[in-house]
Each structure stands twice: as structure tokens, then as C-alpha cells.
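Topology and contacts: notes
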Amino acid sequence: IQTSDYMPAFEAAIQQTRDNIQQIVVSQDSATFENTILALEESGRLLDRVSRVFFALTEADKTPEIGEIEKKVQPMLTELENEISFNKPLFERIRQVYDKQHDTLTGEDQKLLEETYKEFVRKGALLPEDKMERMKAINLRISDLQQKWGDQLQEATNNAVVWVDKKEDLAGLTEADIAQCQKDAESRGGKAPYAIVIVNPTQQPLLASLDNRDLRKRVYEASIHRSDGTGKVNNFPLVSEIAKLRAEQAEIMGYPNYAAYSLEKTMAKTPENVYAFLKNLIKAYRPKADAETKAIEDFARQIQGADFELQPYDRFYYSAKMKKQL
């Protein structure tokens, strides 16, 4: 698969999906489970295949070329989703099947019919025209914001580097690690002799080895603040607007908040159940977590003195030393 293959593949798959939906809508036959629900289920099969390959790639190895394709594709996919979700003739056929066949179907067929009908209702198929149009606009805007958020996070992650001036500041690292830091510095413009590149996860493996506490702090903070406005990339405005738009979505659909709307089709069902679960989890887990933290801090105090206070950037370092001693 070449990068140049993706856009034609998406265009063909989207068109095929549109054609398949149109065939369902214009059918002169009475709506049935087979010619409506199953046909809808099969309508986007090619698009699913293309999307799975492409978006796995954007998550794992987004090149600038792939990023440009993603920017073009996301609005196309959102537009298609809007077309399907707010297609009144299509939903009318789904509703006919739901009203006539729900009680006669069994097993997976009945479940698929239920899920299809409920999902259309959840997305706004029963809304009045003005609210439908607003939901379409919100969907498009959220898609655009999420695209920008992903791009900025990727940019921030790619550029997240802690520069180090002296080799002695890297004490604790292996010679191979230090050589890699030197190589990374050279490949990123050589602002200093050494560079610690922040890896994708929030937890940075080198924190378990670095003796220099100030450097550990810098590495830790570079990891958790990579797109919060402390640098040139700031995702706060995007997150804020997404939250407001989601709140509006929930209000339009008659829910008290987006959490209630989002959780309805999950096992938890309600925000209250989530909070109850988390509180029980904290109650059960916290004594063990506190005991583990205290053990690491007590170990660190044997080295650093009785007034030493363990910080997040110290935890991996002293935990690794304690495990080695034990």
C-alpha cells in the first residue's frame, strides 16, 4: 500500500457507501430486516477496511503526507456520517422494521435491530429540523477540533526534547543511553551536546536511572506538559471548545450533561454509577498505594535525609533502587 493509494481508496469507499444507502432508500419493496437493517450493516464494509488500515497508521506513524490526507479525509467522513444519521427516508424504513419486526426477531437479529434504531435516535434522527441542522454543524466542528488537537499533540510530542549541557548531568545512564542522547542532539539541531527525547507514553523510562534530580524534574514536566501552552503548542482552547460543544449536544438531546449522554450505552449507564465505582476503587486501593509510596519515600530518606519529600519524578528512580536492594 502506497501513501498515494489512500485518498482514491477513501473516495471510492465513501461513494460506494453512498450508493448502498441510496439503494436502501429508493427501494420500492416494504422495509424488512434483510433489505434495510442488514443492507445498512453491509453498506460501509469497504470503508471500514480502508479506515482501519489508514487510522492505524495515523496513530502509529503519522508522516506529514499521511497527516495531510487525514485533514482532507476527516471532514469527508463526518459529512458522510451526518448524511446517514440525518437521512429521514432511511430512518423511516428503520423505524418501520423496528415497529413491525422487533418482537418477532430473536438473538443477534433482534439485537442488531435494537442497536441500529437506538443509535439513529441517539444521534438525533427524531429531532426537529432546526436542531438537526445544529447537530450536523456541531459534529463537523468537533471533528475539525479533534483533528487539530491530534495534529498539535503529535507536533508537541515530536518536538518534546530536554536539552542537556554536560555529560555529568546524565549520570546513572548507561554509555549506550548517553551515546543515544548525543546522537539525538545532533539530529535535532545541536542546541546542546545532549538531548533527552520525550517518548510517546507519559512515563519516561530514563526517570528510573537519572541521578540528577533537577533533570528528572525537567524530563517529567516536559512529558506531562507537552501541549498545554507552556510551549508553542496550546491545546487548552481546543479542549475547552470541544467540551462546550459536547455540552450543547447533550442539551439538544435532552440530557443533563455530556457524561450522561455518553455513558448511556455503556455498562456503567450513568455518571453516578461511575463515581460510585471510582470511590469504591479508591477506598479499596488507596491504603495499598499509600503504603507503597511510603515505603519508597522511607527508602529514599535513608539516602537523602529524613526531610526528603518524594515527588512524582522521584518515584521510578527510588523504586528501581529499592527493588534492586530487595
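Summarised in this report is the structure supplied together with it. Treat the numbers as computed from the prediction; the structure is a model and nothing was measured.

Details of the overall build of the chain
- Helices and strands together make up the secondary structure of the chain, namely 13 helices and 2 strands.
- Its C-alpha radius of gyration of 26 Å places the chain more than 25% over the 20 Å reference for a compact globule of 326 residues.
- Overall, the C-alpha framework of the chain stretches about 80 × 50 × 35 Å when taken along its three principal axes.
- Buried residues in the chain amount to 35% of all 326 residues.
- By sequence separation, contacts in the chain at least 24 residues apart represent 67% of the contacts at least 6 residues apart.
- Approximately 19600 Å² of the chain is accessible, and the part contributed by carbon and sulfur atoms is 52%.
- The average position of the 45 basic charges and that of the 53 acidic charges among the side chains of the chain differ by 4 Å.

Some points on the packing of aromatic side chains
- Per the counting criterion, the structure on display carries 12 aromatic pairs.
- On the numbers, 4.9 Å between centres and 85 degrees between planes, the contact of Y317 with Y318 is edge-to-face.
- Classification of Y317 by relative accessible area gives buried; the value is 7%.
- What makes Y318 buried here is its relative accessible area of 2%.
- Over the ring of Y261 we find R122, and its NZ or CZ is 4.4 Å from the ring centre.
- The ring of Y317 has R216 lying over it, and the distance from NZ or CZ to the ring centre is 4.2 Å.

A short note on the side chain of N235
- Secondary-structure assignment places N235 in the loop between α9 (213-224) and α10 (236-252).
- Every residue in contact with N235, bar those within four places of it in the chain, is listed here: W149, Q152, L153 and S227.

Comments concerning the nonpolar core
- Membership of the largest hydrophobic core comes to 31 residues, with the highest contact counts inside it found for F10, L90 and F120.
- Elements that contribute at least two residues to this core include exactly α1 (6-26), α2 (33-43), α3 (45-60), α4 (64-85), α5 (88-101) and α6 (107-123).
- If we skip the residues at most four places from it in the chain, F10 touches L47, V50, S51, F54, F55, V73 and L77.

Notes on α1
- Relative to the 30 Å expected for 21 residues at 1.5 Å per residue, α1 spans 30 Å between its end C-alpha atoms, a close match to the ideal helical length.
- Residues Y6, M7, F10, A13, I14, T17, I21 and I24 constitute the buried set of α1. Viewed end-on, α1 has its buried residues packed into an arc of 135 degrees, placing them on one side of the element.
- Of the surrounding secondary structure, the elements contacted by the buried residues of α1 are α2, α3, α4 and α5.

What about the packing of helix α12 (residues 271-304) against helix α13 (residues 312-325)?
- Closest axis-to-axis distance for the α12/α13 pair is 9 Å, and the angle between their directions is 85 degrees. One finds that α12 runs roughly perpendicular with respect to α13. When α12 is examined against α13, the residues E292, T293, A295, I296, F299, A300, I303 and Q304 are found in contact with a partner set consisting of R315, Y318, S319, K321, M322 and Q325.
- By residue class, the composition of the contact of α12 with α13 is 7 nonpolar, 4 polar and 3 charged.

Re a nonpolar patch on the surface
- A cluster of nonpolar side chains, Y275, F277, L278, L281 and I282, forms an exposed patch at the surface whose accessible area comes to about 540 Å².
- By the element assignment, Y275 lies in helix α12.
- What makes Y275 exposed here is its relative accessible area of 54%.

Considering the pattern of salt bridges
- Throughout the structure, instances matching the rule amount to 24 salt bridges.
- Across the salt bridge formed by D184 and R188, the nearest N and O atoms sit 4.0 Å from each other.
- A relative accessible area of 14% places D184 in the buried class.
- Judged by its relative accessible area of 33%, R188 falls in the partly exposed class.
- A salt bridge links R216 to D314, with the nearest nitrogen and oxygen atoms 2.8 Å apart. Taken together, the residues R216 in helix α9 and D314 in helix α13 connect sequence positions 98 residues apart.

Description of the packing of α3 against α4
- Across the interface, α3 lies against α4 with an axial gap of 11 Å and an inter-helix angle of 140 degrees. Of the possible angle classes, the one that applies to α3 and α4 is oblique. In this structure, α3 meets α4 at a crossing whose hand is left-handed. Taking contact as the criterion, the partners of L47, F54, F55, L57 and T58 in α3 are, on α4, I66, I69, E70, V73, Q74, L77 and L80.
- Each residue belonging to the contact of α3 with α4 can be placed in one class, and the counts come to 9 nonpolar, 2 polar and 1 charged.

Description of α4
- The end-to-end C-alpha distance of α4, which contains 22 residues, comes to 32 Å, matching closely the 32 Å that a straight helix rising 1.5 Å per residue would cover.
- Within α4 the residues assigned to the buried category are I66, G67, I69, E70, V73, L77, T78, L80, N82, I84 and S85.
- Where α4 is buried, its residues contact α1, α3, α5, α6 and α7 (129-158).

Here is what the cut-offs are and how they apply
- Residues numbered from 1 in each chain as written.
- Predicted model: local features only at pLDDT ≥ 70, side-chain atom pairs only at ≥ 80, totals over all residues.
- Heavy atoms only, no water.
- Helix = DSSP H or I, 4+ residues; strand = E, 2+ residues; numbered from the N terminus.
- Rg over C-alpha atoms; globule rule 2.2 N^0.38 Å.
- Buried < 20%, exposed > 50% of the residue type's maximum accessible area, 1.4 Å probe, protein only.
- Contact = heavy atoms within 4.5 Å.
- Areas by Shrake-Rupley, 256 points an atom, 1.4 Å probe, with all protein chains shown as cover.
- Lys, Arg positive; Asp, Glu negative; His and termini not counted.
- Charge placed at Lys NZ, Arg CZ, Asp CG, Glu CD.
- Phe/Tyr/Trp six-rings, centres within 6.5 Å; stacked < 30°, edge-to-face > 60°.
- Lys NZ or Arg CZ within 6 Å of the ring centre and 35° of its normal.
- Core = buried A, V, L, I, M, F, W, Y, C linked by side-chain atoms within 4.5 Å.
- Expected span 1.5 Å × (residues − 1).
- Arc of directions from axis to C-beta.
- Axes fitted to C-alpha atoms, helices over the stretch in contact; angles between N-to-C directions.
- Parallel < 35°, antiparallel > 145°, perpendicular 65-115°, else oblique.
- Nonpolar A, V, L, I, M, F, W, Y, C, P; charged D, E, K, R; others polar.
- Patch = residues over 30% accessible without salt bridge, like charges linked within 9 Å, V, L, I, M, F, W, Y side chains within 5 Å.
- Salt bridge = Lys/Arg side-chain N within 4 Å of Asp/Glu carboxyl O.
- Left-handed = near helix turned anticlockwise from the far one by under 90°.

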